[in-house]
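# Architecture at a glance
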Amino acid sequence: MAKTKTVYVCNSCGNDSPKWQGKCPVCGEWNTYVEEIISKDNPAKNSLHLFETSKAKPLLLKDVETGEEPRIDLHDGELNRVLGGGLVPGSLVLIGGEPGIGKSTLVLQTVLGLKNIKTLYVSGEESARQLKLRADRINSNSENCYIVCETNLEQVFVHIRNLNPDFVIIDSIQTIFTDVVESSPGSVSQVRECSAAILKFAKETSTPVVLIGHINKEGSIAGPKVLEHIVDTVLQFEGDQHYMYRILRSIKNRFGSTAELGIYEMRQNGLREVSNPSELLLTQNHEGLSGVSIAAAIEGIRPFLIETQSLVSTAAYGTPQRSSTGFDLRRMNMLLAVLEKRVGFKLVQKDVFLNIAGGLKVNDPGMDLSVISAVLSSSLDISIEKHVCMTGEVGLSGEIRPVNRIEQRILEAEKLGFSKILLPRNNLKGFTSKVNIEIVQVRKVEEAFRQLFG
Ligand code: TYD
Ligand code: MG
């Protein structure tokens with residue numbers, strides 16, 4: 001029986017200590033230490049020898065060949081774009097997301113679409129039958145997709161050696177374990193050792209690997225932070241379970257920009273790419289309805305027009321309610337304070353509800369003007385004209401501040417047939433395109449309201 005010993009490992013930075021500690025002395029995080037069993041006879045370092053091949057030689061940087069990084073086309077416009085133009089051979093990609101959001105569906109659908117690439121799908125969560133059922137649902141099949149239900153890393157490498165795949169999927173990294181570490185699958189040291197061994201395999205054989213990762217209740221990827229440091233790309237798949245839209249966001253990317261964003265729609269038969277989000281988000285005809293305004297927003301680097309809805313009603317009980325879906329509640333409260341102070345609207349005894357259509361979460365500061373306008377429209381019970389949209393950040397003194405990528409916002413609004421756009425003054429520097437939409441520049445919220453409500 002190997003002698004065992006326990007250590008406490010920090011979930012956040014991977015530091016270990018013989019004693020439990022409340023605060024990690026290395027990264028300063030609280031309550032991150034978890035107990036782990038390590039075996040003395042079997043030091044964890046062994047795992048790094050799992051994929052021992054030739055030793056690398058130091059090279060002169062100037063002699064390193066560059067050229068365009070070759071990319072594997074994944075036949076999925078959204079995924080290709082989020083990855084920075086396709087999958088880079090030898091890269092390690094981590095896809096994180098809440099349970100049931102569609103991570104396995106996205107990955108399975110993608111590999112089934114790659115007819116000429118031999119893929120190995122390692123599933124530690126579902127049986128081959130379940131995967132087949134999902135594939136049937138997606139209604140896609142491939143001659144080149146192999147499935148193995150395995151959770152032992154050493155066995156996974158045996159399958160890889162036998163099959164020699166061009167692309168490997170691990171669903172999920174938290175279910176995989178290696179014999180060299182004694183703690184249970186999903187623990188800090190298991191995740192760290194397994195992903196380090198997989199990284200070594202990916203780099204040395206130039207095989208791209210996609211890891212699927214769970215996220216914990218705080219919304220970050222479960223396991224040690226080192227996991228995110230190890231991999232080349234971290235993608236987050238998010239969305240509201242009750243809505244059909246899913247957003248694929250790049251959080252880290254060594255081969256492309258992190259500003260990219262992919263939008264999907266979950267259907268009965270798998271995920272469908274949404275190449276023009278505005279058309280989906282603006283399907284409702286809101287003519288004559290008060291409390292609705294359209295924002296020309298940017299998420300990632302894509303412009304889209306999105307409906308902001310608000311309802312202002314008299315508070316029935318003492319403290320008025322403030323509730324917001326898809327928009328930061330603190331920011332909404334700040335905007336309400338601006339409304340109160342600058343425009344003199346008494347919102348103290350009013351309940352205010354705010355909702356961004358489609359279940360999307362939008363962080364763009366350019367949404368401010370439309371939030372404020374929707375609230376005012378509901379409060380006055382006057383609707384905003386149907387073909388008007390707006391963008392602008394609202395400052396504390398009620399001034400409307402410039403936003404980024406104004407050109408893209410204007411062009412998107414024009415493309416969707418809007419006739420008028422309200423935007424911040426002094427935001428049009430360098431904008432020379434001729435557009436078929438009336439541009440109204442506003443400096444303060446009062447001016448914007450005069451434009452909207454007369
Ligand atoms: P799944 O890929 O299993 O999620 P994850 O791997 O992130 O846990 O997706 C699960 C959900 O997606 C499930 O609740 C059903 C839904 N779904 C569809 O709506 N349509 C489909 O075609 C598929 C395959 C799943
Ligand atoms: Mg899954």
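Source: prediction; values computed, not measured.

Once that is clear, we can look at the site of ligand 1. Contacts to ligand 1 come from 15 residues, most closely from Ser104, Thr105, Arg134, Arg267 and Gly270. Between ligand 1 and Lys103 there is a distance of 2.8 Å, counted from an oxygen atom to a backbone nitrogen or oxygen. Within the complex, 77% of the 560 Å² of free accessible area of ligand 1 lies under protein. Listing elements by their share of the shell around ligand 1, those giving two or more residues are helix H2 (103-113), helix H3 (128-138) and strand S11 (261-267). It is H2 that contributes the most residues to the shell around ligand 1, 3 residues altogether. Per-class residue counts for the shell around ligand 1 are 3 nonpolar, 7 polar and 5 charged.

What follows is about the domain arrangement of the protein chain. Segmentation of the protein chain into domains returns domain 1 (4-39), domain 2 (72-275) and domain 3 (279-453). The C-alpha-based centres of domain 1 and domain 3 are spaced at 47 Å.

One can find Thr207 in the loop between helix H5 (188-205) and strand S8 (209-214). Since its relative accessible area comes to 6%, Thr207 is described here as buried. Separated by 133 residues in the primary sequence, Thr207 and Leu74 have C-alpha atoms spaced 14 Å apart. Filtering out sequence-adjacent residues up to four positions away, Thr207 remains in contact with Gly90, Ser91, Pro165, Asp166, Phe167, Val168, Phe201 and Ala202.

A few words now on the nonpolar core. Counting residues in each nonpolar core, the largest one holds 41 residues, and the members touching the most others are Ile306, Phe327, Leu339, Met367 and Leu422. Among the domains, domain 2 (72-275) and domain 3 (279-453) are the pair contributing at least three residues each to this core. Apart from the residues lying within four places of it in its own chain, the contact partners of Leu339 are Gly344, Phe345, Leu347, Ile372, Val375, Leu376 and Phe449.

As judged from the 4 bridges shared by S11 and strand S12 (residues 270-273), these two strands associate in the antiparallel manner. Bridging from a neighbouring strand, Met266 pairs with Leu271 of S12.

Moving on to the sheet that holds strand S9 (residues 233-238). Strands sit in the order S6-S5-S7-S8-S4-S9-S10-S11-S12 across an open sheet of 9 strands; the sheet is mixed. Either end of the sheet is taken by a strand with one partner, and the two such strands are strand S6 (145-149) and S12. Strand after strand, the sheet turns through a mean of 25° between neighbouring axes, direction not considered. Across 5 bridges, strand S5 (residues 119-123) lies against S6 in parallel orientation. When the bridges of S6 are listed, Ser123 appears paired with Cys149. Relative to the sheet, helix H4 (residues 153-163) contacts S5, S6 and strand S7 (167-171), its axis offset from that of S5 by approximately 165°.

Now for unusual backbone geometry. The peptide bond linking Asp171 to Ser172 adopts the cis configuration, its omega dihedral lying at 0°. Considering the arrangement of structural elements, one finds Ser172 in the loop between S7 and H5. Unlike most non-glycine residues, His75 shows phi in positive territory, near 55°. Within the element layout of this structure, His75 appears in the loop between strand S3 (33-39) and helix H1 (77-82). Given the relative accessible area of 55%, His75 is considered exposed.

Two numbers describe how helix H8 (residues 329-343) lies on helix H11 (residues 445-453): the axes approach to 10 Å, and their chain directions differ by 85°. Classified by the interaxial angle, the pair formed by H8 and H11 is roughly perpendicular. Counting all contacts with H8, which are made through Leu339, Arg342 and Val343, the residues of H11 involved are Val445, Glu446 and Phe449. Tallied by class, residues from the contact of H8 with H11 come to 4 nonpolar, no polar and 2 charged.

As a further point, take the pattern of salt bridges. Applying the stated criterion to the full structure yields 18 salt bridges. Between Lys62 and Asp63 there is a salt bridge, with its nearest N and O atoms 3.7 Å apart. Residues Glu265 and Arg267 are paired through a salt bridge, measuring 3.6 Å at the closest nitrogen-oxygen approach. Overall, the relative accessible area of 39% leaves Arg267 in the partly exposed class. Overlapping salt bridges bring together Lys203, Asp232 and Arg254 as one network.

We now examine the side chain of Asn253. Note on placement: Asn253 falls in strand S10 (residues 245-253). The exposure class assigned to Asn253 is buried, which follows from its relative accessible area of 11%. A distance of 2.9 Å separates the side chain of Asn253 from the backbone nitrogen of Phe255, its partner in a polar contact. The contacts of Asn253, once residues within four sequence positions are left out, are Val82, Leu83, Gly84, Asp232, Thr233 and Thr258.

So, how was this worked out
Residues numbered from 1 in each chain as written. Chains lettered and ligands numbered in written order. Predicted model: local features only at pLDDT ≥ 70, side-chain atom pairs only at ≥ 80, totals over all residues. Heavy atoms only, no water. Near = heavy atom within 4 Å. Polar contact = N/O pair within 3.5 Å; in protein donor to acceptor, adjacent residues only side chain to side chain. Areas by Shrake-Rupley, 256 points an atom, 1.4 Å probe, with all protein chains shown as cover. Helix = DSSP H or I, 4+ residues; strand = E, 2+ residues; numbered from the N terminus. Nonpolar A, V, L, I, M, F, W, Y, C, P; charged D, E, K, R; others polar. Domains from an automatic or database assignment. Buried < 20%, exposed > 50% of the residue type's maximum accessible area, 1.4 Å probe, protein only. Contact = heavy atoms within 4.5 Å. Core = buried A, V, L, I, M, F, W, Y, C linked by side-chain atoms within 4.5 Å. Pairing = 2+ DSSP bridges. Axes fitted to C-alpha atoms, helices over the stretch in contact; angles between N-to-C directions. Parallel < 35°, antiparallel > 145°, perpendicular 65-115°, else oblique. Salt bridge = Lys/Arg side-chain N within 4 Å of Asp/Glu carboxyl O.

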